[in-house]
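This is what each chain is made of:
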Amino acid sequence: MSASESTSAKTIAIPQGDCAGIGPEIIAKAFRAAPQALQGCFVVGELQTLRRATALAARVAEGEQGMAQPVAVIEEPAEAWAVPAGTIPLLNLPGLAGPQPYGRISAAAGQAAAQCVVWAAQAALRGEIAALVTAPLHKEALHLAGVSFPGHTELLQAEAAAHAGVALEQMPVRMMLANDELRTVLVSIHVSLRDAIEAVTQPQILQTLRITHGALSKNLGRAPRIAVAGLNPHAGEGGIFGREEIEIIAPAIAQARSEGMDVQGPLAPDTVFMRARNTASHPGEFDVVLAMYHDQGLIPVKYLGVEKGVNVTLGLPLVRTSPDHGTAFDIAGQGVADETSLLEAIHMARSLAA
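The model shown is predicted, which means the values in this text are computed figures rather than measured ones. Here the residue numbering is sequential within each chain, running from 1 through the sequence in written order. Where local features are concerned, this predicted model is filtered to residues with pLDDT of at least 70; where side-chain atom pairs are given and counted, the filter is 80 or more; whole-chain, interface and lining totals use all residues. To obtain the side-chain values, all non-hydrogen atoms of the structure were included, while hydrogens and water were left out.

A.B. asks: Looking at this structure, I do not really get the packing of aromatic side chains. What am I missing?
C.D. replies: In this scheme Phe, Tyr and Trp rings, the latter by its six-membered ring, pair at centre separations within 6.5 Å, and the angle between planes marks the pair as stacked below 30 degrees, edge-to-face above 60, and tilted otherwise. All told, the structure shown has one aromatic pair when counted by the stated rule. When the centroid spacing of 6.2 Å and the interplanar angle of 85° are considered together, the rings of Phe42 and Trp119 count as edge-to-face. Here Trp119 lies in helix α4 (residues 107-125) and Phe42 lies in strand β2 (residues 41-45), a separation of 77 residues in the sequence. For the pair Phe42 and Trp119, a shared accessibility class is recorded, and that class is buried. We call a charge positioned above a ring when the Lys NZ or Arg CZ atom is no farther than 6 Å from the ring centre and deviates by at most 35 degrees from the ring normal. The ring centre of Tyr102 lies 3.8 Å from the NZ or CZ of Arg52, which sits over that ring. Only DSSP runs of H or I reaching four residues or more are called helices, and only runs of E reaching two or more are called strands; each is numbered from the N terminus. Relative accessibility thresholds used throughout: buried, under 20% of the residue-type maximum; exposed, over 50%; partly exposed, between the two (1.4 Å probe, protein chains only).

This is the structure in structure tokens:
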């Protein structure tokens, strides 16, 4: 590997997200708050969008006369390392819409956000960057832009499957939300609650366990201790409140154990997250909790602090993390968005890509 290729392999791309939301703002604030920590990172986006964000970040930090961070347009990922700390490297994609009105859903913003993610995903799949850390996008804006995927996870899954030349179902992915106290992985992601219950099948649960075991074994350097939450109150209470635990979840766990995984459950979903939470005064009993559906798994992690949470996509042949929040249209352009979760996502991406 040449020196240039080696440098590119350590580089992290940050797609700008929906420009009507807080994505560009938290990117600008992150580069301002931790310039040394972001060496080797670069933004994938549009120049005027980023300049609007740096001007906003400067006003917040220094007042009306604040000096915006300079932006250096780069042509290749490896050039990010030559950009001095305090300057934001930008790979300016051609044809992107410029800044859109804050807080408004638009096809233009959705299309630009999707193009940035696709570019970064393809670069990661080619081995040109080490990871991508995605700023928030808006699902309605994606829909207006004609993008047929509801979010980052599904879009990245499609890109990875196309790159590998396999069908979508042959590139199974799962969403993990994590902070320094708790990790949770979801059996289903962005579907209705009715459809999520239908997705609680033995093959789906077993596949999720395999993906979780494989990803965290690599990250932790050992087999993870996995807890599986039940679907029903009290994990079904022996079949009184539902038989999914007996007929579906328990057999999947038994199969996982026969494959050498360290799995316990199904456990009562109203207490399993407390048991898994890891603090100085309470070492967690588990490394990760497998949740049956989106809100069951995400509410406990987000309750501990949205600013600390990181979204990680498991099962992809690339490293992708993102902040644990959305576009926050209600506060976009006000200068009050918090960049902490983005910085945590960048830190986790570096550790996963190491």
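A.B. asks: Any chance you could explain the nonpolar core here in plain terms?
C.D. replies: Nonpolar side chains in soluble globular proteins tend to end up buried together. Core analysis: the biggest nonpolar cluster contains 52 residues, and Ile205, Leu209, Leu290 and Met292 have the highest contact counts within it. Other than its neighbours up to four places away in sequence, Leu290 contacts Val185, Val187, Ile205, Thr208, Leu209, Thr212, Ile226, Ala227, Val228 and Ala229. Nonpolar cores were defined as sets of buried Ala, Val, Leu, Ile, Met, Phe, Trp, Tyr and Cys residues, with membership established by side-chain atoms within 4.5 Å. Counting residues in hydrophobic clusters, the runner-up holds 34 residues, among them Leu93, Cys116, Ala121 and Ala161. Here, residues are in contact when the closest pair of their heavy atoms is within 4.5 Å.

A.B. asks: Teacher, can you tell me more about the packing of helix α8 (residues 202-220) against helix α9 (residues 244-258) here?
C.D. replies: Think of each axis as a best-fit line through the C-alpha atoms, taken over the contacting stretch in the case of a helix, with angles from 0 to 180 degrees between the N-to-C directions. The geometry of α8 relative to α9 is characterised by a closest axis approach of 9 Å and an angle of 40° between their N-to-C directions. The orientation of α8 with respect to α9, classified from their angle, is oblique. Note on packing geometry: the crossing formed by α8 with α9 is right-handed. For the pair formed by α8 and α9, the contact residues are Gln202, Ile205, Leu206, Leu209 and Arg210 on the first element and Ile248, Ile249, Pro251, Ala252, Ile253, Gln255 and Ala256 on the second. Roughly parallel refers to an angle under 35 degrees, roughly antiparallel to one over 145, roughly perpendicular to one between 65 and 115, and oblique to any angle outside these ranges. Helix crossings are classified by the rotation of the near helix relative to the far one: an anticlockwise turn of less than a right angle makes the crossing left-handed, while a clockwise turn makes it right-handed.

Purely spatial values, then, with no claim about function.
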